[in-house]
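An overview of the molecular structure
For reference, the chains in residue letters:
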Amino acid sequence: MIMKSVQIISTGLSLPSRAVTNDDLAAIEDTNDEWIVKRTGIRERRFTEGEESANSLALRAAERALKKSGIDRKKIGLVIVATLSGDYSTPSVASQLQQALGLDKDIPYFDINAACSGFPYAIETARSFLYANPERPYALVTGVEELSKLLDMTDRSTNILFGDGAGAVVIRLVEGSYASVLGAQSSLAINCMGAKSDSSYIRMDGKEVFRFAVRILPHMINTTLEKAGMTYDQIDWFVCHQANKRIIDHVVRAMKLPGEKFYCNIDRIGNTSGASIPICIAEMEEKGLLHSGEKLLLLGFGSGLTWGSCIVSYR
Ligand code: UT7
């Protein structure tokens, strides 16, 4: 059977200009740089300011990815945005990109909310759409979050972790082995506003989520590779959701994987939920770390609880 795999053609990055250091947070609450670095690996994160918002970050990342791709915009057949923090509950971020990017109206535009697993969910969804509509062979997939507006600045167990930003990719289908693993198990361990919520802020049982993360990551890595008929050493980059550096270190140690194949930027960017994986990929491209034909295993996990992984290649 010939499998259709996902290839990244180009990427775009957009980060808010305002950097918030651990010392900035220590100035407003009972925390300190040493605790945050030791427990999370985070040194600073970006927060929006002024006119910046989820929609404007998404637009800038998407525009950069489209420009770099050099493709005719009429060939974009689908626009998906992974987010839980768009400017509005509705309209979607994706629908607001149409006019600004000069894209056709007669294609699907929608957001996916699978929290920190959103980007692999979006890639897998885009793959199915592209397969069914070969006349428009490219999809624009963006991950964006503006979590700073959902943070309780009196809750040091969450406000030290999260940040804002966006990353985008243009993808197409190519022949090659592919696999994905998407899943969920009902839990309110991370939740945020809604008719049933008693808070308009992110609430999290950090310990429960930590335990879930270190259990689900090996499951995703092993199951995805098994489905694709691949082995660890055929993966060039493990691009893991940046939730906590300790989670990644734990999995690298427990599975005896090469740590240098795990790209990490949590020290500078913090945890940007659905945006963290595409931000990593866009940074990797900017730094010249990605080479033609390389295979990336994308690994997301988070609120839901959800998990999502898939294997993509770089052009
Ligand atoms: O992206 C979605 C997925 N999210 C995640 O994967 C998050 C997973 N969880 C985590 O990353 C960690 O659980 C946290 C970083 C959120 C918390 O780290 P922890 O090692 O689980 O700390 P803890 O909540 O058990 O707190 C340990 C101690 C407590 O003090 P006592 O009771 O031992 O005296 C806390 O009150 O650290 C205290 N503490 C802090 N101290 C300074 C909690 N937050 C802070 C803080 N600064 N910001």
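Let us look at the structure shown here. Quick caveat: nothing in here was measured; it's all calculated off a predicted structure. (Residues numbered from 1 in each chain as written. Predicted model: local features only at pLDDT ≥ 70, side-chain atom pairs only at ≥ 80, totals over all residues. Heavy atoms only, no water.)

**Things to note about the packing of helix 7 (residues 206-228) against helix 8 (residues 245-255)**
Running from N to C, helix 7 and helix 8 point in directions that differ by 50°, and their axes come no closer than 10 Å. When the axis of helix 7 is compared with that of helix 8, the two are oblique. Both helix 7 and helix 8 take part in a crossing whose hand is right-handed. Of helix 8, the residues touching helix 7 (which contributes Phe210, Ala213, Val214, Leu217, Pro218, Ile221 and Asn222) are Arg246, Ile247, His250, Val251 and Met255. Across the contact of helix 7 with helix 8, the residue classes tally to 9 nonpolar, 2 polar and 1 charged. (Axes fitted to C-alpha atoms, helices over the stretch in contact; angles between N-to-C directions. Helix = DSSP H or I, 4+ residues; strand = E, 2+ residues; numbered from the N terminus. Parallel < 35°, antiparallel > 145°, perpendicular 65-115°, else oblique. Left-handed = near helix turned anticlockwise from the far one by under 90°. Contact = heavy atoms within 4.5 Å. Nonpolar A, V, L, I, M, F, W, Y, C, P; charged D, E, K, R; others polar.)

**A look at the nonpolar core**
A general trend in soluble globular proteins is that nonpolar side chains are found buried together. Among the nonpolar cores identified, the biggest contains 45 residues, and Leu217, Ile221, Phe238, Leu297, Leu299 and Phe301 are the most heavily contacted of them. For this core, the secondary structure elements donating two or more residues are helix 7, strand 11 (237-240), helix 8, strand 12 (295-302) and strand 13 (306-314). When residues in this core are grouped by element, the largest group, 10 residues, is from helix 7. Excluding residues within four positions of it along the chain, Leu297 makes contact with Ile221, Thr224, Leu225, Ile235, Trp237, Phe238, Val239, Ser309, Cys310 and Ile311. Leu78, Ala122, Trp237 and Cys280 belong to the second-largest nonpolar core, a separate cluster that totals 32 residues. (Core = buried A, V, L, I, M, F, W, Y, C linked by side-chain atoms within 4.5 Å. Buried < 20%, exposed > 50% of the residue type's maximum accessible area, 1.4 Å probe, protein only.)

**As for the site of the ligand**
Around the ligand lies a shell of 21 residues, among which Thr31, Arg39, Lys207, Asn244 and Asn271 are the nearest. Interatomic distance of 3.0 Å between a backbone N/O atom of Gly206 and a nitrogen atom of the ligand. When residues of the shell around the ligand are traced back to their parent elements, those giving at least two are helix 2 (33-40), helix 6 (156-159), helix 7 and helix 8. No other element matches helix 7, which puts 4 residues into the shell around the ligand. Considering only residue class, the shell around the ligand consists of 10 nonpolar, 7 polar and 4 charged. (Near = heavy atom within 4 Å. Polar contact = N/O pair within 3.5 Å; in protein donor to acceptor, adjacent residues only side chain to side chain.)

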